[in-house]
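Topology and contacts: notes
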Amino acid sequence: MNDIISKDIENTTYDELTVGQSARLVRTLSLSDIQAFAAVSGDYNPTHVDAEFAVKTLFHGVVAHSMWGATLISSLLGTQFPGAGTVYVDQSLHFMLPVRVGDTLTVVVTVTAKDDLTKRVTLDCRVANQTGKTVLAGTAVVLAPTRKVSRHAMPMPWVHTFDPQARLDALLSSVRHLAPVRCAVVHPCDPESLRGALDAARHGLIEPVLIAPEAKLRAVADATELDLGGIEIRPVEHSVAAAERAAEMAANGEVEALMKGSLHTDELMHAVVTTRALRTKRRLSHVFRFDVPMYEKPLLISDAALNIKPSLEEKVDIIQNAINLSHALGNTRPNVAILSAVETVNIKMQSTLDAAALCKMADRGQITGGNLDGPLAFDNAVSMEAVRIKGIESTVAGNADILIVPDLESGNMLAKQLEYLAGATTCGVVLGARIPIALTSRADGANARVASAALAMMLAHHNRKVQP
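Keep in mind it's a predicted model, so treat the numbers as computed, not measured. (Residues numbered from 1 in each chain as written. Predicted model: local features only at pLDDT ≥ 70, side-chain atom pairs only at ≥ 80, totals over all residues. Heavy atoms only, no water.)

**Considering the sheet that holds strand S18 (residues 425–431)**
Paired through their backbone hydrogen bonds, the strands of a sheet run either parallel or antiparallel. Across the sheet, which stays open at both edges, the eleven strands sit in the order S11-S10-S9-S12-S19-S18-S13-S14-S17-S15-S16 with mixed pairing between neighbours. The two strands at the open ends of the sheet, each matched to only one other strand, are strand S11 (232–235) and strand S16 (371–376). Sheet topology note: the strand S15 (residues 335–339)/strand S17 (residues 402–404) ladder contains three bridges and is parallel. Residue pairing in the sheet places Ala 337 in a bridge with Leu 403 of S17. With respect to the sheet, helix H10 (residues 312–328) is in contact with strand S13 (285–291), strand S14 (299–302), S15, S16, S17 and S18, its orientation differing from that of S17 by roughly 165°. (Pairing = 2+ DSSP bridges. Helix = DSSP H or I, 4+ residues; strand = E, 2+ residues; numbered from the N terminus. Contact = heavy atoms within 4.5 Å. Axes fitted to C-alpha atoms, helices over the stretch in contact; angles between N-to-C directions.)

**Remarks on the environment of Pro 157**
Relative to the elements of secondary structure, Pro 157 occurs in the loop between strand S8 (150–152) and helix H5 (164–174). Residues Pro 157 and Arg 464, spaced 307 residues apart in sequence, show a C-alpha to C-alpha distance of 49 Å.

**Topic: unusual backbone geometry**
A cis geometry characterises the amide bond from Phe 81 onward to Pro 82, with omega recorded as 5°. Take Pro 82: it is sitting in the loop between helix H4 (66–79) and strand S4 (87–95). Cis geometry marks the peptide bond from Gly 374 to Pro 375, where omega comes out at 5°. Structurally, Pro 375 is set in strand S16. Positive phi, normally seen in glycine, also occurs at His 60, with a value near 60°. For His 60, the position within the fold is in the loop between helix H3 (51–54) and H4.

**Here's the deal with the pairing of strand S10 (residues 206–212)**
Every regular strand shows the same layout, with side chains that alternate between the two sheet faces. Across the seven residues of S10, six count as buried, placing the element largely inside the fold. The pairing of strand S9 (residues 181–186) with S10 spans six bridges and is classified as parallel. The residue bridging Val 186 from the neighbouring strand is Ile 211, located in S10. In terms of handedness, the path from S9 via helix H6 (residues 191–202) over to S10 forms a crossover that is right-handed. (Buried < 20%, exposed > 50% of the residue type's maximum accessible area, 1.4 Å probe, protein only. Right-handed = clockwise from strand over helix to strand, strands pointing away.)

Written out as structure tokens, the structure is:
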């Protein structure tokens, strides 16, 4: 029996085949296999992709598409045995047992008959799991190749699956032990911001207080069939009044967090900044949290939303705020990469001078709780390969948890590129006030708002511990 392990293509011709000869391959099913098969085939049967639905089926959990096992048979026949030049004529299959994530399948095909006139070969096909039980069996009839082929396999595109819902579920799971916080939701007068607030409440993140023109709010709820039963509503005349009322409630200790709805960011932040009781000695700054398909851990970016061209002094606060969020997220010593266009200090580039000064300030205890390095170009911050090629020695480079951008323009462009070109999912929060502010773009969907509420919830609980 031949074990198929090589990526080289070398077929077995009709004349080389003998009755009783067989070959096999071994493959372990992963969740990404199921997701990739669903994406390619368009088969989104919830039995295969929805754990909540699948647990209620007779399988009591997610199982692979039945035809996934059949593709393994096809792979073996088409690439190795008989291999290149093989043409399918017929395939019968019997599906006997479900295949679950983590199951290791052994596929065995065995020649049972040959027809010298037509060059057709009949093969018994069996797929067994790690316990030896047959999950799939059948018979294949193929036209076997008559010409020997030996060559390297063609390079194929790399298939990378990214499950944003799984990333969101992981974030929500990390805060499930925390009690919901009372949160003022400011002017949630469009479907996504209202749905986001109600979803955040459903997930146990917040106890929402909706502050908005009541008639407009209820019209949105009716149009989108969202139930406002049992939800506290504070009627106001317009969005500016909503922001002012929310800031007042926060100052009075009536809520522990704010959540932006469909109003402009400037309207909300003006109300916060002008409410003296909400200010601290630290500057307000915004932090994005990204789940990036090609990066193995969450990535924080600051400041890409509030501070347009921060000074060195202001960058100290921006970094400290981001570190504090990382602590609230459970990372006790985050790696902070201070970005520029290059990784060396250049006196003509202010961002490199700032980066060098900020690192020395961290050495002197003026910034605490994280490992700082900079200046670093973006590739040096997130790619170990780039670090290796450029010979950079750093504990931060290639392994950043936090990216500090030079200014709002570069940060905003980086954030939008990650979201719209790299397929990243994002949420965001404002720090530096006495209460956290879940702040998203008006273009963001409900999931981004739920994730932002989770950040605000974590920070509210973190603030209870660190504030007197």
